[in-house]
Amino acid sequence: MPETIKKIAVLTSGGDSPGMNAAVRSVVRTCAYHNVECLGVYRGYEGLIEGDFKEFNARSVKGIINKGGTVLKSARSKEFRTVEGRKKAFKNLKDANVDGLVVIGGDGSFTGALIFNQEFNFPVMGIPGTIDNDIFGTSHTIGFDTALNTVVDAIDKIRDTASSHNRLFFVEVMGRDVGHIALNCGIAGGAEEILIPEEDLGLDRLVESLNKSRKSGKTSSIVIVAEGDKIGKNIFELKDYVDENMEGYDVRVSVLGHMQRGGAPSCFDRVLASRMGVKAVEAMLDGESNYMVGLKNGKMELTPLDSAIKGKTKINLELLRVSDIMST
């Protein structure tokens, strides 16, 4: 173990996701296991600039593995985007005798970590935490699995109402510019159509598909819409278009919103976060820096931060085909 790493700081940044606390817990306890000091940074990069630090030990993180959100809090930091802000953050870390930084977040958080490393040659390691699953270099990000379960539960409840009133529901789910949540939950929730940014279904084809469903005997339908889908300006425009071009459906809209980020993390996310925390700390102790920890083919692997930031995730083509078959 390199002698240079004697104290590691950990922060959470960007949007919260279920499992972040499990990752924080894993980082802290892995440090304790290797007799390395650990510092918790509150409010992300903003806390880094303001020196909002707290010494953590193995007992400091008890009882948080089952909690959603992040006990370290998260905040946007305009100042960290400036050289002066990053200089303050660097000084605070050096004054606290910190030798390495673990950042739990998404591509924006990783971009900040990469720039920070380039400017000050400060060891950084990333752990992907976002429900969108839009980070290159890992099959699953922390929080994705929990969000899927939350959305499927909501779809099941909406279907009860849709069936009772012969209604068509447009259900908008998160995902930013990718359709991973929509595609997986659409299949699991039995949706008639799934609208994702990666596949432009088109308004006319959507109406045609819904009419075909009615003729086959379906009296209610659910359409899952990823928030980044480009068919309409927004989900309410989709509703208006279907209202104008279809008869016989009572159309409703449900935007699930931030409920998808909350709740206790699933077993999968707790285990994933624990594995990632161990890998991140031990890789740093082995002298690695500027990497993100990811899950590839069931194993923990390292991906260069710049690749994780610039790379694009791909939609699962098999799931697209499964979706088409299941909507028959």
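Residues numbered from 1 in each chain as written. Predicted model: local features only at pLDDT ≥ 70, side-chain atom pairs only at ≥ 80, totals over all residues. Heavy atoms only, no water.

Caption draft 1: Main features of the overall build of the protein. Helix and strand counts for the protein stand at 11 helices and 11 strands. For the protein, the C-alpha radius of gyration of 22 Å lies close to 20 Å, the compact-globule estimate for 328 residues. Taken along its principal axes, the extent of the C-alpha atoms in the protein is 70 × 35 × 30 Å. Across the protein, contacts joining residues at least 24 apart in sequence account for 76% of those joining residues at least 6 apart. (Helix = DSSP H or I, 4+ residues; strand = E, 2+ residues; numbered from the N terminus. Rg over C-alpha atoms; globule rule 2.2 N^0.38 Å. Contact = heavy atoms within 4.5 Å.)

Caption draft 2: Just the pairing of strand S2 (residues 37-41), in detail. Burial of S2 is extensive: 4 of the 5 residues sit out of reach of the surface. Note: strand S1 (residues 7-12) against S2, 4 bridges, orientation parallel. Bridged to Ala9 within S2 is Leu39. In this view, the connection linking S1 to its parallel neighbour S2 by way of helix H1 (residues 20-33) has right-handed handedness. One ladder, built from 4 bridges, connects S2 with strand S3 (residues 53-56); its direction is antiparallel. Following the sheet pairing, Cys38 is matched in S3 by Phe56. (Buried < 20%, exposed > 50% of the residue type's maximum accessible area, 1.4 Å probe, protein only. Pairing = 2+ DSSP bridges. Right-handed = clockwise from strand over helix to strand, strands pointing away.)

Caption draft 3: Quick peek at the layout of surface pockets. Of the pockets and cavities examined, the largest pocket occupies roughly 800 Å³. Taken together, 30 residues make up the lining of the largest pocket; nearest its centre are Gly14, Gly15, Arg76, Gly108 and Ser109. In terms of residue count, the dominant contributor to the lining of the largest pocket is helix H4 (residues 107-120) (6 residues). Each residue belonging to the lining of the largest pocket can be placed in one class, and the counts come to 6 nonpolar, 13 polar and 11 charged. Approximately 510 Å³ is the volume found for the second largest pocket. As for the second largest pocket, its lining consists of 20 residues, of which Glu193, Arg205, Ser209, Asp324 and Ser327 are closest to the centre. Counting only elements with at least two residues in the lining of the second largest pocket, the list comes to strand S7 (193-195), helix H7 (203-215) and helix H11 (317-326). Looking at which element gives the most residues to the lining of the second largest pocket, the answer is H7, with 5 residues. Looking at side-chain class alone, the lining of the second largest pocket contains 5 nonpolar, 6 polar and 9 charged residues. (1 Å grid on protein atoms, 1.4 Å probe; cavity = no way out; pocket = protein on both sides within 12 Å on 5 of 7 lines; lining within 4 Å. Points joined across faces, edges and corners; volume = space filled by probe spheres on them. Nonpolar A, V, L, I, M, F, W, Y, C, P; charged D, E, K, R; others polar.)

Caption draft 4: Region of interest: the packing of aromatic side chains. For the structure on display, the rule yields 8 aromatic pairs. On the numbers, 6.2 Å between centres and 90° between planes, the contact of Phe90 with Phe122 is edge-to-face. Pair noted here: Phe90 is in helix H3 (residues 83-95) and Phe122 is in the loop between H4 and strand S5 (124-128), with a separation of 32 residues, a long-range link. Phe90 gets classed as partly exposed once you look at its relative accessible area, which sits at 23%. Among the residues examined, Phe122 registers a relative accessible area of 2% and is labelled buried. (Phe/Tyr/Trp six-rings, centres within 6.5 Å; stacked < 30°, edge-to-face > 60°.)

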